[in-house]
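One-letter residues, chain by chain:
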Amino acid sequence: ALHLAKAQDGKSLEDFQKVYNAIAEKLRDEDEFDGYIGYGPNLVRLSWHVSGTFDKNDNSGGSFGGTYRFKKEADDPANKGLQNAAHFLEPIAKKFPWISHGDLYTLAGVTALQEMQGPKIPWRPGRVDADEKDTPENGRLPDASQDGSYVRHYFGRFGFTDQEIVALLGAHCLGKTHLENSGYEGPWGAATNTFTNEFFVNLLNENWKLEKNEAGNKQYNSEKGYMMLPTDYALVQDGKFRKYVEKYAKDQDAFFEDFKSAYVKLLENGIDFGKLGKAYVFKTLDEQDS
Ligand code: HEM
Ligand SMILES: Nc1c(Br)cnc2ccccc12
């Protein structure tokens, strides 16, 4: 059965906005991380990785139980590099001990996306920390060396459509790959911490060459120093995916709208929020300054 969300006693929008603001202010303070990319992209990746373990067949994994806090999941080789995001969030968890880990990990991704000028992401609290025994086994996160049919099959486990898959992968406009984390490298000089439809524009406009990188893994590189993973490039090789790449390259608003919906579905997969009321939409720091 689905996990039942539980309301944190008496916590309301204002309380969660305080957590949002603490994360957002820390993002601004610690802007030098990873060559001045900052922690934003890393936090977004953490929110996806804690949700991407979900398996709709037995409702195991997913963001509900906050099991990333246990060694088995944190040490999954696919999670290499996310120790930075987890370390970034430790003081936030101490300052707000009442928030569950699942709510913190997902709220951090929402905060990072909004502070990087992404779309407003409606977010619902109520995830409850699970026991260590409920930690999903390693190996549930995707392999970047694969093709379009692998990507379609992989996301089929969560019940995502082609359109939702392409929208979600648009998050690869953020941050970069790190050879020591994943065996992929780049982009060079072009990594960003602003959420745009650039990923789709680059996919269609750059002249991509398949090359072996220093770790012996194949990746697509362009003269401008951009890179794509094989699973990224699969989105233009596969006709059904390509249609959405072209749509989002032309229409950033459509991308923002579809990304928002797919990302909420990713973060809430497997959770029954019942009658816990509607989602919160947080103000960005800029919106509160005035
Ligand atoms: C086919 C599915 C996917 C594959 C194979 C994949 C693979 C990867 C790899 C290999 C990296 C580089 C990690 C490193 O070396 O530090 C990465 C980074 C990243 N991924 Fe994905 N990813 C996928 C889907 C997603 C989704 C659905 C999201 C979010 C909605 C996402 C968000 C990110 C972000 C923001 C980064 C940059 C992290 C940083 O700069 O530290 N990815 N991904
Ligand atoms: N900036 C990126 C580009 Br450009 C293309 N693919 C990526 C995959 C993972 C992380 C970052 C990127």
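Above this text you will find the structure in question.
The rules we used
Residues numbered from 1 in each chain as written. Chains lettered and ligands numbered in written order. Predicted model: local features only at pLDDT ≥ 70, side-chain atom pairs only at ≥ 80, totals over all residues. Heavy atoms only, no water. Helix = DSSP H or I, 4+ residues; strand = E, 2+ residues; numbered from the N terminus. Buried < 20%, exposed > 50% of the residue type's maximum accessible area, 1.4 Å probe, protein only. Contact = heavy atoms within 4.5 Å. Salt bridge = Lys/Arg side-chain N within 4 Å of Asp/Glu carboxyl O. Donors = N, O, S within 2.8 Å, 3.2 Å for Na, K, Ca; no water. Near = heavy atom within 4 Å. Polar contact = N/O pair within 3.5 Å; in protein donor to acceptor, adjacent residues only side chain to side chain. Domains from an automatic or database assignment. 1 Å grid on protein atoms, 1.4 Å probe; cavity = no way out; pocket = protein on both sides within 12 Å on 5 of 7 lines; lining within 4 Å. Points joined across faces, edges and corners; volume = space filled by probe spheres on them. Nonpolar A, V, L, I, M, F, W, Y, C, P; charged D, E, K, R; others polar. Phe/Tyr/Trp six-rings, centres within 6.5 Å; stacked < 30°, edge-to-face > 60°. Lys NZ or Arg CZ within 6 Å of the ring centre and 35° of its normal.

## What to know about the side chain of Asn202
With respect to the element layout, Asn202 can be found in helix H10 (residues 198-205). A relative accessible area of 11% means that Asn202 is categorised as buried. Filtering out sequence-adjacent residues up to four positions away, Asn202 remains in contact with Trp208, Tyr226 and Met228.

## A word on the pattern of salt bridges
In total, this model carries 18 salt bridges according to the counting rule given. Between Lys133 and Asp131 there is a salt bridge, and its shortest N-O distance comes to 3.6 Å. Put simply, Asp131, Lys133 and Asp134 are held in one network by salt bridges that share partners.

## Brief notes about the coordination of the iron atom of ligand 1
Coordination of the iron atom of ligand 1 by the protein involves just one donor, His172 (NE2), at a distance of 2.1 Å. If you trace the backbone, His172 turns up in the loop between helix H8 (162-169) and helix H9 (179-182).

## Some thoughts on the site of ligand 1
His172, Lys176, His178, Asn181 and Ser182 are the nearest of the 20 residues found near ligand 1. In this structure, an oxygen atom belonging to ligand 1 sits 2.7 Å away from a side-chain N or O atom of His178. At 2.9 Å, a side-chain N or O of Asn181 approaches an oxygen atom of ligand 1. Every element with two or more residues in the shell around ligand 1 is listed here: helix H3 (40-51), H8 and H9. Looking at which element gives the most residues to the shell around ligand 1, the answer is H3, with four residues. Built from parts of two domains, the shell around ligand 1 gets at least three residues from each of domain 1 (3-140 + 263-289) and domain 2 (148-254).

## Description of the environment of Tyr68
Within the secondary structure layout, Tyr68 lies in the loop between H3 and helix H4 (71-74). On the accessibility criterion, Tyr68 (4% relative accessible area) is buried. For the pair Tyr68 and His101, spaced 33 residues apart in sequence, the C-alpha to C-alpha distance is 8.4 Å. At 3.4 Å, the side chain of Tyr68 and the backbone oxygen of Leu82 are in polar contact.

## Considerations on the side chain of Glu268
Among the secondary structure elements, Glu268 is positioned in helix H13 (residues 252-268). Apart from residues no more than four positions distant in its own chain, Glu268 is found in contact with Arg124, Arg127 and Phe273.

## What about the layout of surface pockets?
Its boundaries defined by the atoms lining it, the second largest pocket holds a volume of some 340 Å³. What lines the second largest pocket is a set of 20 residues, and nearest its centre among them are Arg28, Glu115, Met116, Gln117 and Asn193. Of all the elements in the fold, those that place two or more residues in the lining of the second largest pocket are helix H1 (13-29), H3 and helix H6 (101-115). Looking at the lining of the second largest pocket, the element that brings in the most residues is H1, giving three residues. Of the residues in the lining of the second largest pocket, the class split is eight nonpolar, seven polar and five charged.

## Describing the packing of aromatic side chains
Inspection of every chain in the model, using the stated rule, returns 28 aromatic pairs. Ring centres of Phe16 and Trp98 lie 5.3 Å apart, and the angle between their planes is 80°; on these two criteria the pair is classed as edge-to-face. With a gap of 82 residues between them, Phe16 in helix H1 and Trp98 in the loop between helix H5 (83-95) and H6 connect regions that are remote in the sequence. Where Phe200 meets Tyr248, the ring centres are 5.4 Å apart and the plane angle is 50°; that geometry is what we call tilted. Taken together, the residues Phe200 in helix H10 and Tyr248 in helix H12 (residues 239-250) connect sequence positions 48 residues apart. In this structure Tyr248 comes out as buried when scored by relative accessible area, which is 0%. Members of the aromatic cluster, connected to one another through ring pairs, are Phe195, Phe199, Phe200, Tyr248, Phe255, Phe256, Phe259 and Tyr263. The residue whose ring lies beneath Lys26 is Phe88, and the NZ or CZ to ring-centre distance is 5.0 Å. One residue, Arg152, lies across the ring of Phe241, its end atom 4.2 Å from the ring centre.

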